[in-house]
Amino acid sequence: MSASRSRSTLSLLCGALGVLLIFKAALLGYLTRSVFNERAFSTRVAASLEDPRVAEFAGAKIADAVIDAKPDLMGVRPVLIGVGRSVVSSAPFRAAVRRSARAVHHAIMSGSGKRLVLTVQDMGALVQSAAEAHPALAKKIPAGLSAVIGRLESLPGGAVSMKLVRLANRMRAATLALFLIGIGLCVASVRLSHDRRRAIMRLGIGLVVLALLLAIIARFGGNILSPFARRAQVAP
């Protein structure tokens, strides 16, 4: 009886550990494609500008950059925010954001920078073009204007998040090994079980639940720039 109970317990442990390892391998595979990949990361960052909240935040940052360069324009900040929103919706601005996002991505992955900043450089011409309805205002926009869209150190938990991303990046080479070990443990779980049909059903349910969890992560947690994009999350 004791040996039978031990075998059943070992079967359950192998199954649970196997399913978790398969899930971890799948999660690392997703992160490799969507986060660790530089092009995919920069594309996600640029695509986040389609969110009205993100566009509003970025437009305000552009307005603040103009005011920092020309303090006498503080009185027309609401107008500048509107101009900034127009700039954010333009293709050249999004291309510039993708370039900046690639630089941030490299810094995150390599650990080469502690002060990570998403900055759009030399956007004076874009702002001047967007402000053409206000000729007097457009003339005051500096040609070499740059805007800081987000600073990592200003985000709650931002530094910790980046450390976790770097750690996961170093672990991605183990993705295939984790998957194979997980499969092996699931097979062992079935072979150790006295009721193999029930063991297979149990593993199937576990994999379905974790697949749903992975789908939720992919749908709602894939965009690494979301902390930059939400004004409510930015520290004063």
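With that settled, consider the packing of helix α2 (residues 38–47) against helix α5 (residues 91–110). In the contact formed by α2 and α5, the axes pass within 8 Å of each other and the chain directions differ by 135°. Comparing their axes, α5 and α2 come out oblique. The two elements α2 and α5 cross, and the hand of that crossing is right-handed. Residues E38, F41, S42, T43, V45 and A46 of α2 form the contact with α5, whose own contacting residues are R94, V97, R98, A101, R102, H105 and H106. Along the lines of polarity and charge, the residues of the contact of α2 with α5 split into 5 nonpolar, 4 polar and 4 charged.

With respect to the helices and strands, the residue R94 is situated in helix α5. Setting aside chain neighbours within four positions, we find R94 in contact with A46, L49, E50, V88 and S89.

To continue, consider the nonpolar core. Counting 35 residues, the largest nonpolar core has I62, L80, F93, M123 and V127 as its most contacted members. Secondary structure elements with two or more residues in this core: α2, α3 (52–69), α4 (77–88), α5, β1 (117–120), α7 (135–139) and β2 (147–151). Per element, the largest residue contribution to this core is 8 residues, and it comes from α3. Contact partners of V127, with chain neighbours within four places excluded, come to I62, V66, V83, V87, I141 and L145. Ranked by size, the runner-up nonpolar core spans 9 residues in total, among them V19, I22, L203 and L214.

So, on to α5. Side chains of residues three or four places apart in an α-helix project in the same direction, reflecting 3.6 residues per turn. Its 20 residues give α5 an end-to-end C-alpha distance of 29 Å, which sits within 8% of 28 Å, the value for a rise of 1.5 Å per residue. By the burial criterion, the buried members of α5 are F93, R94, A96, V97, S100, A101, V104, H105, A107, I108 and M109.

Before going further, it helps to examine the pattern of salt bridges. For the structure on display, the rule yields 4 salt bridges. One salt bridge in this structure joins R53 and D51, with 3.0 Å as the shortest N-O distance. Here D51 falls in the partly exposed class, since its relative accessible area comes to 26%. R85 is the salt-bridge partner of E56, the closest N and O atoms lying 2.9 Å from each other. Of this pair, E56 sits in helix α3 while R85 sits in helix α4; the two residues are 29 residues apart in sequence, bridging distant segments of the chain. For E56, a relative accessible area of 39% puts it in the partly exposed group. Taking the relative accessible area as the measure of exposure, R85 reaches 36% and is therefore partly exposed.

Turning our eyes to something else, we now look at a nonpolar patch on the surface. There is a patch of nonpolar side chains on the surface, built from L176, F179, L180, I183 and V187 and spanning about 460 Å² of accessible area. Relative to the assigned elements, I183 resides in helix α9 (residues 175–192).

We now examine the side chain of T175. Structurally, T175 is set in helix α9. Sequence-distant contacts of T175, defined by excluding residues within four places in its chain, comprise A25, L28 and G29.

A few words now on the confidence of the model for the protein chain. Per-residue confidence for the protein chain averages 78 on the pLDDT scale, and 78% of its residues sit at or above 70. Counting contacts from residues 222–236, a segment whose pLDDT is below 50, to residues more than four positions away or on other chains yields 37 contacts.

Along the chain, the position of R39 falls in helix α2. Distance from R39 to H105, taken between C-alpha atoms, is 9.3 Å for residues 66 residues apart in sequence.

This model, assessed by the stated rule, comprises 0 disulfides. Note on C14: no disulfide assigned, nearest cysteine sulfur contributed by C186 at a separation of 9.2 Å.

Parameters and conventions
- Per-chain numbering applies: the sequence of each chain, read as written, is numbered from 1 onward.
- pLDDT decides what is reported in this predicted model: residues at 70 or higher carry local features, side-chain atom pairs at 80 or more are listed and counted, and totals for whole chains, interfaces and linings draw on all residues regardless.
- Heavy atoms throughout the structure, all of them, feed into the side-chain values; hydrogens and water do not.
- Between the N-to-C directions of two axes lies an angle of 0 to 180 degrees, each axis being a line fitted to C-alpha atoms and, for a helix, fitted only over the stretch in contact.
- The numbering of helices and of strands both runs from the N terminus, where a helix is a DSSP run of H or I of at least 4 residues and a strand a run of E of at least 2.
- Angles below 35 degrees are treated as roughly parallel, those above 145 as roughly antiparallel, those between 65 and 115 as roughly perpendicular, and all remaining angles as oblique.
- In this scheme the handedness of a crossing depends on how the near helix is turned from the far one: anticlockwise by less than a right angle means left-handed, clockwise means right-handed.
- We call two residues in contact whenever any of their non-hydrogen atoms come within 4.5 Å of each other.
- Classification used: nonpolar for Ala, Val, Leu, Ile, Met, Phe, Trp, Tyr, Cys and Pro, charged for Asp, Glu, Lys and Arg, polar for all others including Gly.
- We call a set of buried residues a nonpolar core when its members are Ala, Val, Leu, Ile, Met, Phe, Trp, Tyr or Cys and they connect through side-chain atoms within 4.5 Å of each other.
- Burial classification: accessible surface area is computed with a 1.4 Å probe over protein chains only, and a residue below 20% of its type maximum counts as buried, one above 50% as exposed, and the rest as partly exposed.
- Multiplying 1.5 Å by the residue count of a helix minus one yields the expected span of that helix.
- By salt bridge we mean one thing: a side-chain nitrogen of Lys or Arg within 4 Å of a carboxyl oxygen of Asp or Glu.
- Exposure above 30% relative accessible area and no salt bridge define the residues that can form patches, which grow by joining like charges within 9 Å and nonpolar side chains of Val, Leu, Ile, Met, Phe, Trp and Tyr within 5 Å.
- For accessible areas, the Shrake-Rupley method is used with a probe of radius 1.4 Å. Any residue's cover is judged against the shown protein chains and nothing else.
- The predictor rates its confidence in each residue with pLDDT, a number between 0 and 100.
- Note on terminology: pairs of cysteine sulfur atoms within 2.5 Å are recorded as disulfides.

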